[in-house]
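Residue-level listing of the chains:
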Amino acid sequence: MSNLGTEILVLREMRAKFAPYAPLLLRLIVGYGFLAHGLAKWSKGPEVFASILQATGVPLPHVMAVVTIATEIVCGIAFLIGAFVDLASVPAIILLAVAIFTVHLPYGFLTIKLMSVNNGRAQFGPPGYECDLLYIACILALVLIGPSPWSVDKHRTLHS
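None of these values were measured; they are calculated from a predicted model.

A. Quick look at the state of the cysteines. With the rule as written, the count across this model stands at zero disulfides. In this structure Cys-75 is a free cysteine whose sulfur lies 15 Å from that of Cys-138, the closest cysteine sulfur available. Under the relative-accessibility criterion, Cys-75 is labelled buried at 4%. Not part of a disulfide, Cys-138 finds its nearest cysteine sulfur in Cys-131, a span of 9.2 Å. Residue class for Cys-138 comes out buried when judged on its relative accessible area of 19%.

B. Representation of the packing of helix H2 (residues 22-44) against helix H3 (residues 46-55) in the model. For the pair H2 and H3, interaxial distance at closest approach is 5 Å and the crossing angle is 100 degrees. It follows that H2 is roughly perpendicular to H3 by the angle criterion. Across the interface between the two elements, Lys-41, Trp-42 and Lys-44 of H2 pack against Pro-46, Glu-47, Val-48 and Phe-49 of H3. Residues that form the contact of H2 with H3 fall into these classes: four nonpolar, no polar and three charged.

C. View of a nonpolar patch on the surface. Nonpolar side chains collect at one region of the surface, where Leu-11, Met-14, Phe-18, Tyr-21 and Trp-150 lie side by side and expose about 540 Å² of accessible area between them. If you trace the backbone, Met-14 turns up in helix H1 (residues 3-18). Accessibility expressed as a relative area gives 43% for Met-14, which makes it partly exposed.

D. Examining the packing of aromatic side chains more closely. Evaluation of the coordinates by the stated rule reveals four aromatic pairs. Consider the rings of Tyr-21 and Trp-150, whose centres lie 5.1 Å apart with planes at 55 degrees: the pair is tilted. Of this pair, Tyr-21 sits in the loop between H1 and H2 while Trp-150 sits in the loop between helix H6 (130-145) and helix H7 (152-158), and the two are 129 residues apart along the sequence. Judged by relative accessible area, which is 33%, Tyr-21 ranks as partly exposed. Judged by centre distance (5.8 Å) and plane angle (70 degrees), the ring pair of Phe-34 and Phe-79 falls under edge-to-face. Pair noted here: Phe-34 is in helix H2 and Phe-79 is in helix H4 (residues 61-81), with a separation of 45 residues, a long-range link. Across the pair, exposure class does not vary: Phe-34 and Phe-79 are buried alike. One aromatic cluster in this structure is built from Phe-34, Phe-79 and Tyr-135. Here the guanidinium or amino end of Lys-41 rests over the ring plane of Phe-49, the centre of that ring lying 5.1 Å away.

E. Up close: the packing of H3 against H4. Running from amino to carboxyl end, H3 crosses H4 at an angle of 120 degrees, the nearest separation of the two axes being 8 Å. Considering the angle they form, H3 stands oblique to H4. For the element pair H3 and H4, the recorded crossing hand is right-handed. In this structure, H3 uses Pro-46, Phe-49, Ala-50, Leu-53 and Gln-54 to contact H4, whose residues at the interface are Pro-61, His-62, Met-64, Ala-65, Val-66, Thr-68 and Ile-69. Across the contact of H3 with H4, the residue classes break down as nine nonpolar, three polar and no charged.

Rules used throughout
- Residues numbered from 1 in each chain as written.
- Predicted model: local features only at pLDDT ≥ 70, side-chain atom pairs only at ≥ 80, totals over all residues.
- Heavy atoms only, no water.
- Disulfide = S-S within 2.5 Å.
- Buried < 20%, exposed > 50% of the residue type's maximum accessible area, 1.4 Å probe, protein only.
- Axes fitted to C-alpha atoms, helices over the stretch in contact; angles between N-to-C directions.
- Helix = DSSP H or I, 4+ residues; strand = E, 2+ residues; numbered from the N terminus.
- Parallel < 35°, antiparallel > 145°, perpendicular 65-115°, else oblique.
- Contact = heavy atoms within 4.5 Å.
- Nonpolar A, V, L, I, M, F, W, Y, C, P; charged D, E, K, R; others polar.
- Patch = residues over 30% accessible without salt bridge, like charges linked within 9 Å, V, L, I, M, F, W, Y side chains within 5 Å.
- Areas by Shrake-Rupley, 256 points an atom, 1.4 Å probe, with all protein chains shown as cover.
- Salt bridge = Lys/Arg side-chain N within 4 Å of Asp/Glu carboxyl O.
- Phe/Tyr/Trp six-rings, centres within 6.5 Å; stacked < 30°, edge-to-face > 60°.
- Lys NZ or Arg CZ within 6 Å of the ring centre and 35° of its normal.
- Left-handed = near helix turned anticlockwise from the far one by under 90°.

Such coordinate-based values are descriptive only and should not be taken to indicate function.
Here you go:
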């Protein structure tokens, strides 16, 4: 076998060996993102986020603020540890879809819009829905891939 053929075989074997761990990277970034957003809202106080919701016309802003914060924190932890990912994906995707249609859609697709540079510091415009779609795609990939090593769901399904 040629050198190139051998290298391709080695690469395929290495991919097959490490492929089950790829979802771990998705879980960590999605979980951390959700948890960080939820904790940031919580640390400023749910009433601060409720006032933002009220200003944008969201009904029951105080209730929705608490529901949003709880969803972000609980789903973030679930994604981080790989527990009940299928179940956590439903409220997480609903939350992201609501954010797209109520906040980000008018600003277009791009999340990062360089508006100007003042005193050597970049100034950005309002974020579009790009990041929300990336989160949704990652969550759907996690659901479709299923439990992976280093996840609670993997151990839960082994002992069921």
